[in-house]
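Report on the structure
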Amino acid sequence: MPELPEVQNTVDGINSSVMGETITDAWSDYDSPFYYGKNQIKDPVYFNYFKQQIIGTKILRAERRAKHILIYLDSGATIAVHMKMTGHFLYGHWDWDNVDNKWQPESGFWDTSWDMTKDEVKKTMPFSDPFNNFIHVLFHLGNGMHLAFSDMRKFASMTLLENESEIQDLLHQYGPEPLAHGMTAHKLFHKLKTRPNKKIKTALLDQSLVAGYGNIYTDEALFASCIHPESRVRAIPDDAWEKLFIESKKILRSAIKHGGDSMGDYRRIDGTGGTFHNMHTMYQKEKTPCIRCEEIIIKKQIDARVGRLCPNCQVLYI
Ligand SMILES: [Zn+2]
């Protein structure tokens, strides 16, 4: 699932490619009875309303809050998107294929008759990457290009927030941002420490306590700060909180710089993958030696999630 760095990369990609463009039309084939009657574009009746509201508006800018993307329009409304498991935006040009009933990138899709490996295709013709092949929303832009949304598992959400109070209703539930200007360890973990009995990994994953972390970056940040993921919040000493804050910022910034993590299906707005997954020290590293002490990394169920840890050099505070 995209976490803070992947969502931030998407927002940066939207700002660098479609800022100032006018939305001239919108298309979606999401249709889920579970969402009927809700303000979600998976209800086709709502999508029709959504479309009427956004046609003719200009995209002012995009911002990230927690794992949400907010696309501000010059009408005063805001498109709010949560990419969930597999959603990601792409900027390019697609043509409707009447035979397959789907959007095809100009480059076409890779098939085995091509004299190229999958990796070569991903590099040279990124929209041919199979993970970019599940277009469920497409915005037509005034410059003749498209802002498309690929979502293999179809778990993403998209809606229109019509005023500031609707934005606040969505965002007030989230904890502080690790990379916010002027953030300190005290400010970041203040809310989280109101849950003293929680395990630290579980607490970090709770978006209402602190925003933006997911399974990858909790594994990486807890390892870098030598904290065992099952440590109880109440028992972690001040210097370890400080280290967790500093290491988290370093890891999140590095992941943003490397275009996010594409071990799964996350792709950048140009269809290419990020490279942070090549820098993992802990996530998906079970059964390999720890880079600090060479003990073998283990995988362990921690409350509802699975985490990785070094049983030797991550301190268990209980
Ligand atoms: Zn170790």
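Residues numbered from 1 in each chain as written. Predicted model: local features only at pLDDT ≥ 70, side-chain atom pairs only at ≥ 80, totals over all residues. Heavy atoms only, no water.

A word on the domain arrangement of the chain
Rule in force here: Boundaries between domains were set according to an automatic or database domain assignment. The contact criterion used is simple: two residues touch if any of their non-hydrogen atoms lie within 4.5 Å. Buried area: the sum, over both parts, of the accessible surface (1.4 Å probe) that disappears when the two are put together.
Domain parsing of the chain yields domain 1 (4–65 + 67–171) and domain 2 (185–309). Of note, the centres of domain 1 and domain 2, computed from C-alpha atoms alone, are 28 Å apart. Contacts between the two partners involve 26 residues from domain 1, matched on the other side by 21 residues from domain 2. Here domain 1 packs against domain 2, burying approximately 1,800 Å² in sum over the two surfaces, 61% of which is carbon and sulfur.

Things to note about the coordination of the zinc ion
Convention followed: Metal donors were taken as nitrogen, oxygen and sulfur atoms no farther than 2.8 Å from the ion, or 3.2 Å where the ion is Na, K or Ca. Water is excluded, so coordination may look unfinished. Under this scheme a four-donor centre is tetrahedral when all angles range from 85 to 135 degrees, a four-donor centre is square planar and a six-donor centre octahedral when opposite donors are above 155 degrees with the rest from 65 to 115, and any other centre is irregular. Segments assigned H or I by DSSP are reported as helices when at least four residues long, segments assigned E as strands when at least two residues long, and all are numbered from the N terminus. Remark: exposure states derive from per-residue accessible area (1.4 Å probe, protein chains only) relative to the maximum for the residue type, with buried under 20%, exposed over 50%, and partly exposed in between.
In this structure, Cys-290 (SG), Cys-293 (SG), Cys-310 (SG) and Cys-313 (SG) serve as the protein donors to the zinc ion, at separations of 2.2 to 2.4 Å. Given four donor atoms and angles of 97 to 122 degrees at the metal, the environment of the zinc ion is assigned as tetrahedral. In primary sequence terms, the donor set of the zinc ion follows C-x2-C-x16-C-x2-C. Of the two residues, Cys-293 is situated in the loop between α8 (238–257) and β11 (298–302) and Cys-310 in the segment after β12 (305–309); the sequence distance between them amounts to 17 residues. On the basis of relative accessibility, which here comes to 0%, the residue Cys-310 falls in the buried class.

Considering the pairing of strand β9 (residues 146–151)
Test applied: Here, a strand pair is defined by DSSP locating no fewer than two bridges between the strands.
The buried count for β9 comes to six of six residues, which makes it a mostly enclosed element. The two faces of β9 match: His-146, Ala-148 and Ser-150 on one face and Leu-147, Phe-149 and Asp-151 on the other face are all buried. For strand β5 (residues 87–92) and β9, the ladder comprises six bridges, and the chain directions are antiparallel. Looking at β9, one finds that His-88 is bridged to Ser-150. Where strand β8 (residues 135–141) and β9 come together, five bridges link them in antiparallel fashion. Residue pairing for β9: Val-137 is matched across the bridge by Phe-149. What sits between the antiparallel neighbours β8 and β9 is a turn of four residues, in which Gly-144 has the positive phi angle 85 degrees.

A short note on the sheet that holds β5
Selection rule: As a rule, the C-alpha atoms of each element are fitted with a line to give its axis, helices using only the stretch in contact, and angles between N-to-C directions run from 0 to 180 degrees.
What the four strands build is an open sheet, ordered β1-β8-β9-β5; its pairing is antiparallel. The open sheet terminates on both sides in strands that have one partner only, identified here as β1 (23–28) and β5. In this sheet, adjacent strand axes meet at a mean angle of 15 degrees when their direction is disregarded. Strands in contact with helix α2 (residues 44–54) are β1 and β8; relative to β1, the strand with the most contacts, it is inclined by about 165 degrees.

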